[in-house]
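Breakdown of the fold
So the chains spell out like this:
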Amino acid sequence: VICGFYHVEAAWEARGGGYASTVSGKGWEGFRSHLERARDHLVRATELAPQYPDAFSRMITVSMGLGTGEERLWFDRAVGAQFDHSPAYSSYRWSIRPRWGGSIREVYEFGQECLQTGRFDTVVPQDYYAALQNIADDQGHYGFWTRPGVYEEFVTYYDGRKTEPNASSSPQWWESMKTAVAWRAGRYSDCVYLMKRLGDDFTPRTFEYFDGDRLLGPSEAYARVSVPQAIFDEARTHWSKD
């Protein structure tokens, strides 16, 4: 495993971090050579100790670099060894992003798959949140979050986290996270309803988790449900100018 990990790092060092067009012939040669050596070591490690997920997980990265198309195979084997092995989830999610030949749809469906496990006693459903954040990063905006069903899936996620006996945060915190997601998803009535229901237990800084402002985010939600759209748009125009 250690030798395999070393050769993966050495492969990227040989390639460099630039775009493919900037990599020299020698760089590509070193990249492939090290990845092939990494593959040999890691596959041997999986044969010697298939109960451990680390070698399976790192093979996702090797598969990406060599273009074998076996990323899902290695992911399935990694989580078969340890269901909540976080590196396997993050590596696989990276492999299906558009920059690696995947798609927004694949990232979203993988996030849904993680959520639908219902294993809130692990970090696995959290990959739904991570997948949606990846989508926002790739698209440069949160437009995808306004799609039908996305807000409801977030509610499922936060309700699951809230009711987990070993949850790291209070139920009020997860309810406050719902308000922020409702705002980001354009569900302003839901956002206002949740803020009112929470009262003094509402935590405005949850909006910052979604590139929002702890003051302006809640204020926008109240304004959206209180004034006609035309008046709101005019006010926002003046705010931008100021």
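Note: the structure precedes this text.
The structure reproduced in this document is the subject of the present report. (Residues numbered from 1 in each chain as written. Predicted model: local features only at pLDDT ≥ 70, side-chain atom pairs only at ≥ 80, totals over all residues. Heavy atoms only, no water.)

Quick notes on the pattern of salt bridges
Stated precisely, the cut-off is as follows: Definition used for salt bridges: Asp or Glu carboxyl oxygen within 4 Å of a side-chain nitrogen of Lys or Arg. The secondary structure listing takes helices from DSSP runs of H or I that are at least 4 residues long and strands from runs of E that are at least 2 residues long, numbered from the N terminus. Residue burial is assigned from relative accessible area. The probe radius is 1.4 Å, only protein chains are included, and a residue is buried under 20% of its type maximum, exposed over 50%, and partly exposed in between.
Scanning the model with the defined rule gives 21 salt bridges in all. The closest approach of N and O atoms between arginine 97 and aspartate 137, which form a salt bridge, is 2.9 Å. Of this pair, arginine 97 sits in the loop between helix H5 (86-95) and helix H6 (104-116) while aspartate 137 sits in helix H7 (residues 126-139); the two residues are 40 residues apart in sequence, bridging distant segments of the chain. Residue aspartate 121 is joined to arginine 119 by a salt bridge in which the shortest nitrogen-to-oxygen separation is 2.9 Å. Classification of aspartate 121 by relative accessible area gives partly exposed; the value is 49%. Among the charged side chains, a salt-bridge network with shared partners connects Asp159, Lys162, Glu175, Lys178 and Arg197.

Section: helix H10 (residues 188-198)
The cut-off we apply is this: Picture the helix axis, draw a direction to every C-beta atom, and the arc is the one those directions span. Contacts are assigned to residue pairs that have any heavy atoms within 4.5 Å of one another.
For H10, the complete set of buried residues consists of Tyr188, Cys191, Val192, Leu194, Met195 and Leu198. The buried residues of H10 occupy an angular sector of 165° when the element is viewed end-on, so they sit on one face. Turned more than 90 degrees from where H10 packs its buried face, Ser189, Tyr193 and Lys196 sit exposed. On its buried face, H10 is in contact with helix H8 (150-163), helix H9 (171-184) and helix H11 (216-226).

Remarks on the packing of H6 against H8
The test is simple: All axes here are fitted lines through C-alpha atoms, helices being fitted over the stretch that makes contact, and every angle between N-to-C directions spans 0 to 180 degrees. The handedness criterion is simple: a crossing whose near helix is rotated anticlockwise from the far helix by less than a right angle is left-handed, and one whose near helix is rotated clockwise is right-handed. Residues are grouped as follows: Ala, Val, Leu, Ile, Met, Phe, Trp, Tyr, Cys and Pro are nonpolar; Asp, Glu, Lys and Arg are charged; all remaining types, including Gly, are polar.
One can describe the packing of H6 onto H8 by two numbers: an axis separation of 11 Å at closest approach and a directional angle of 30°. The two elements H6 and H8 meet at a crossing, and its hand is left-handed. Counting all contacts with H6, which are made through Tyr108, Gln112 and Leu115, the residues of H8 involved are Val150, Glu153, Thr156 and Tyr157. Broken down by class, the residue content of the contact of H6 with H8 amounts to four nonpolar, two polar and one charged.

Things to note about unusual backbone geometry
Phi at aspartate 211 is positive, roughly 60°, even though this residue is not glycine. Note on placement: aspartate 211 falls in the loop between H10 and H11. Judged by its relative accessible area of 61%, aspartate 211 falls in the exposed class.

Description of the packing of aromatic side chains
What counts, and what does not: Aromatic rings from Phe, Tyr and Trp, taking only the six-membered ring of Trp, are treated as a pair when their centres fall within 6.5 Å; an angle between ring planes under 30 degrees marks them as stacked, one over 60 as edge-to-face, and anything in between as tilted.
Tallied over the entire structure, the rule returns 21 aromatic pairs. Each ring, one from phenylalanine 75 and one from tyrosine 89, has its centre 5.1 Å from the other, and the planes form 85°; the classification is edge-to-face. One end of the pair, phenylalanine 75, is in helix H4 (residues 71-81); the other, tyrosine 89, is in helix H5, with 14 residues separating them in the sequence. This pair shows no difference in class: phenylalanine 75 is buried, exactly as tyrosine 89 is. Their ring planes at 35° and their centres at 6.2 Å tell us that tyrosine 89 and phenylalanine 110 sit as a pair that is tilted.

Some details on helix H2 (residues 25-48)
Definition in use: One fewer than the residue count of a helix, multiplied by 1.5 Å, yields its expected span.
Spanning 24 residues, H2 covers 35 Å between terminal C-alpha atoms, matching the ideal 34 Å at 1.5 Å per step. Those residues of H2 lying buried are Gly27, Gly30, Phe31, His34, Leu35, Ala38, Leu42, Ala45 and Thr46.

Concerning the nonpolar core
Stated precisely, the cut-off is as follows: Residues grouped as a nonpolar core are buried Ala, Val, Leu, Ile, Met, Phe, Trp, Tyr and Cys residues, joined through side-chain atoms within 4.5 Å.
If you look at the biggest cluster of nonpolar residues, it comprises 62 residues, and the most contacted ones within it are Trp145, Phe154, Tyr158 and Phe210. No other element matches H9, which puts seven residues into this core. Setting aside anything within four residues of it in sequence, one finds phenylalanine 210 in contact with Tyr129, Gln133, Tyr142, Trp145, Tyr158, Met177, Ala180, Val181, Trp183 and Arg184.

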